[in-house]
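Single-letter residue listing:
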Amino acid sequence: MSDLDQWLAEQLAAIDAANLRRRLRRLDSPQAVESLVDGRPLVNFASNDYLGLANDPRLRAAAIAAVERFGAGAGASRLICGTLAPHAELEAALARFKGTEAALTFSTGHAAALGTIPALVGEHDVVILDKLSHACLVDAARLSGATLRVFPHNHLEKLERLLAWARDNYAKARVLVVTESVFSMDGDLAPLREIVELKDRFGAALLLDEAHGVGVLGPHGRGLAAELGLADRVEIQMGTLGKALGASGGAICGSARLIDFLVNRARSFIFSTAPIPAAAATARAAVDLLDSGAAEPLRARLWENLRALDPAATSAIVPRIIGDEAAAVAASESLRENVGLFVSAVRYPTVARGQARLRISVSAAHSPEHIARLKAALAEA
Ligand SMILES: *Cc1c(COP(=O)(O)O)cnc(C)c1O
């Protein structure tokens, strides 16, 4: 064994010993509520395809039409010669949908974060993040070189103290507050009205990641900021095109000046080949379905399913905290083996150690019978 192999073997053994080993599961079906997972038909409660759009005939048709008209690949980065009509049309549709002057899309939501935060803040600046912010937001904040401070999840007093501290100690700095609207592993909401008041009072900017809010919350699924009438006070609205929108990609919506600046400074945008035109056309079809109201029956069904599973649900993510890593994995395995339900066990480092859980995600495509089966199995467990 080479030194590297030896080290890899030791690392994997340590991951195993901590019950933290992860393995890829292969789907031999489309991403749908009834999926063929590792050769077994399972009812899928693990996907983020909240509206069931990933395999929707309208999105499939948009993808096929884009391939026919624009071919398979994009050929270059957007700035070189990779901006095809579907990219421009997607961005116009997103800006319309979110009610912003402009939008910029990236190959993933992860890339949107990595490109945007380091473009906006640097070593003389301050980023203040919610403790439960997604890994890509944390990585992006680190990459920026700014001074980082973390406030306990949704803790407004601590956020206020950090904003005051930044004002007193970093007089010339740009201060960026970063949070999510719907937290990806807990499904709870940020106290957005209070956060917006605070950042305005201290002259900070806000990046709000609506990865799990878009398509689920707000009028026509415009997200939590729109639901609360705060969208025009959030400077940087981030989202993914890969979850409720059923496609792939990431987006930043905001002022025309912000978008022009990111085109010039966001490295994950500048130095990366454009997404294939079919990805942009697929996402655009999803945005149009939402914007026009044509997806409202899907959103209504999603919320009916959620209320049937848990009347207290605030988003499409319903966690069942177990704590112990091995117990969470065992619970997930038992649901799979005994009742044919695919529910992911989420462990460190996605959540804190000792906070392992089943992360149930509900879709508009689940039937009442699927929900009843899950409910019964959870009650028994
Ligand atoms: C999934 C996710 C992202 C990343 O988006 P991708 O398009 O999957 O790269 C960003 N933020 C949050 C909160 C997420 O859950």
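What you see as residue numbers is a count from 1 along each chain, following the sequence as written. In keeping with the predicted nature of the model, local features appear solely for residues at pLDDT of at least 70, side-chain atom pairs appear and are counted solely at 80 or more, and the whole-chain, interface and lining totals rest on all residues. Water and hydrogen atoms play no part in the side-chain values, which are based on all heavy atoms of the structure.

Moving on, we get to the overall build of the protein. For helices the rule is a DSSP run of H or I covering at least 4 residues; for strands it is a run of E covering at least 2, with both sets numbered from the N terminus onward. Within the protein one finds 15 helices and 13 strands. In this treatment the radius of gyration is a C-alpha quantity, and the globule benchmark scales as 2.2 Å times the residue count to the 0.38 power. By the compact-globule yardstick of 21 Å for 381 residues, the protein fits well, its C-alpha radius of gyration being 21 Å. Viewed in the frame of its principal axes, the protein has a C-alpha envelope of about 60 × 55 × 50 Å. In this tally, Asp and Glu contribute negative charge and Lys and Arg positive charge; neither His nor the terminal groups of the chain are included. Working definition for charges: the position is that of NZ of Lys, CZ of Arg, CG of Asp or CD of Glu. Within the protein, the 43 negative side-chain charges are centred at a point lying 1 Å from the centre of the 41 positive side-chain charges.

Here we come to the packing of helix H4 (residues 85-98) against helix H12 (residues 277-292). At a closest axis distance of 8 Å, the pairing of H4 and H12 adopts a crossing angle of 25 degrees. Between H4 and H12, the interaxial angle falls into the category roughly parallel. In the packing of H4 onto H12, the handedness of the crossing is left-handed. Contacts between H4 and H12 involve Pro86, His87, Glu89, Leu90, Ala93, Leu94, Arg96 and Phe97 from the first element and Pro277, Ala280, Ala281, Ala283, Arg284, Val287, Asp288, Leu290 and Asp291 from the second. Under the grouping applied here, Gly and all other residues not named as nonpolar or charged are polar, the nonpolar ones being Ala, Val, Leu, Ile, Met, Phe, Trp, Tyr, Cys and Pro and the charged ones Asp, Glu, Lys and Arg. Residues that form the contact of H4 with H12 fall into these classes: 11 nonpolar, one polar and five charged. Orientation is described by axes fitted as lines to C-alpha atoms, over the contacting stretch for helices, and by angles from 0 to 180 degrees between their N-to-C directions. Angles are sorted into four bins: roughly parallel if under 35 degrees, roughly antiparallel if over 145, roughly perpendicular if 65 to 115, and oblique for all others. Here is the rule for handedness: rotate from the far helix to the near one, and if that takes an anticlockwise turn smaller than a right angle the crossing is left-handed, while a clockwise turn gives right-handed. In this description, contact between two residues means that some pair of their heavy atoms is separated by no more than 4.5 Å.

This next bit is on the side chain of threonine 147. Among the structural elements, threonine 147 can be located in strand E5 (residues 147-151). Taking relative accessible area as the criterion, threonine 147 reaches 18% and is therefore assigned buried. A polar atom in the side chain of threonine 147 sits 3.5 Å from the side chain of tyrosine 170. Sequence-distant contacts of threonine 147, that is, excluding residues within four places in its chain, are made with Asp125, Val126, Val127, Trp165 and Tyr170. Type-normalised accessible area, obtained with a 1.4 Å probe on protein chains alone, sets the label of each residue: buried when under 20%, exposed when over 50%, and partly exposed for intermediate values. Any pair of nitrogen or oxygen atoms within 3.5 Å is treated as a polar contact; in protein, a donor-acceptor pairing is required on top of that, and neighbouring residues in sequence qualify only through side-chain atoms on both sides.

Let us look at the domain arrangement of the protein. Assigned domains within the protein: domain 1 (24-51 + 295-380) and domain 2 (57-292). The gap between the C-alpha centroids of domain 1 and domain 2 is 26 Å. Listed as interface residues are 20 residues of domain 1 and, on the opposing side, 22 residues of domain 2. Here domain 1 and domain 2 share an interface that buries about 1600 Å² over both sides, 59% of which is from carbon and sulfur atoms. By definition, a salt bridge exists where a carboxyl oxygen of Asp or Glu is found within 4 Å of a side-chain nitrogen of Lys or Arg. Remark: the boundary between domain 1 and domain 2 carries one salt bridge. Ionic pairing is found between arginine 357 and aspartate 186, a salt bridge with its closest N-O pair at 3.1 Å. Boundaries between domains were set according to an automatic or database domain assignment. Accessible area that two parts lose when put together, evaluated with a 1.4 Å probe and summed over both, is termed the buried area.

All right, on to the sheet that holds strand E3 (residues 102-106) then. Taking strand neighbours across the sheet as the criterion, the seven strands line up as E3-E9-E8-E7-E6-E4-E5 in an open arrangement whose pairing is mixed. Each edge of the open sheet is held by one strand with a lone partner, namely E3 and E5. Averaged over all adjacent pairs, the angle separating strand axes in this sheet is 20 degrees, with direction ignored. Whether two strands pair comes down to DSSP finding at least two bridges between them. Of the pairings in the sheet, the one linking strand E8 (residues 236-240) to strand E9 (residues 250-254) comprises four bridges and is antiparallel in character. When the sheet's bridge partners are listed, methionine 238 is paired in E9 with isoleucine 252. On top of the sheet, helix H5 (residues 109-120) reaches E3, strand E6 (175-180), strand E7 (205-209), E8 and E9; it is set at about 160 degrees to E8, its chief contact.

Let's shift gears to the pattern of salt bridges. According to the stated counting rule, one finds 21 salt bridges in the structure shown. Here arginine 233 ties to aspartate 200 by a salt bridge, and the two come within 3.0 Å at their closest N and O atoms. Taken together, the residues span a long stretch of sequence, with arginine 233 in the loop between helix H9 (224-227) and E8 and aspartate 200 in helix H8 (residues 192-201) at a distance of 33 residues. Classification of arginine 233 by relative accessible area gives partly exposed; the value is 29%.

Let us now look at the site of the ligand. Residues in close proximity to the ligand total 14 residues, the closest being Gly109, Asp209, His212, Thr240 and Lys243. At 2.8 Å from an oxygen atom of the ligand is found a main-chain nitrogen or oxygen belonging to glycine 109. Here an oxygen atom of the ligand sits 2.9 Å away from a polar atom, N or O, in the main chain of histidine 110. Computed on the free molecule, the ligand has an accessible area of 370 Å², of which 84% lies beneath the protein chains in the complex. Put simply, the parts of the chain that give the shell around the ligand at least two residues each are H5 and E8. For this purpose, a residue is taken to be near a molecule or strand whenever a single non-hydrogen atom of the residue falls within 4 Å of it. The Shrake-Rupley method, run with a 1.4 Å probe, gives the accessible areas here. Residue values count only the displayed protein chains as cover.

The next subject is the environment of serine 332. Assignment of secondary structure puts serine 332 in helix H14 (residues 325-339). On the basis of relative accessibility, which here comes to 8%, the residue serine 332 falls in the buried class. Between the C-alpha atoms of serine 332 and alanine 345, which are 13 residues apart in sequence, the distance is 5.8 Å. Not counting residues up to four positions away in its chain, the partners in contact with serine 332 are Val343, Ser344, Ala345 and Leu358.

Below, the discussion takes up the nonpolar core. Within the largest apolar cluster, 78 residues are counted, with the highest numbers of intra-cluster contacts made by Leu163 and Leu302. No other element matches H12, which puts seven residues into this core. A domain-level breakdown of this core finds at least three residues from each of domain 1 (24-51 + 295-380) and domain 2 (57-292). Here the nonpolar core consists of buried residues drawn from Ala, Val, Leu, Ile, Met, Phe, Trp, Tyr and Cys, with membership extended through side-chain atoms lying within 4.5 Å. Membership of the second largest hydrophobic core comes to 29 residues, among which are Ala102, Ala113, Leu120 and Val178.

Within E3, five of the five residues are buried, which leaves the element mostly enclosed by the surrounding structure. Judged by which residues are buried, E3 turns out to be covered on both faces: Ala102, Leu104 and Phe106 on one side and Ala103 and Thr105 on the other are all buried.

Note on placement: lysine 243 falls in the loop between E8 and E9. Considering only alpha carbons, one finds lysine 243 and leucine 228, 15 residues apart in sequence, at a separation of 22 Å. The residues contacting lysine 243, other than those within four sequence positions of it, are Asn48, Asp49, Ala211 and His212.

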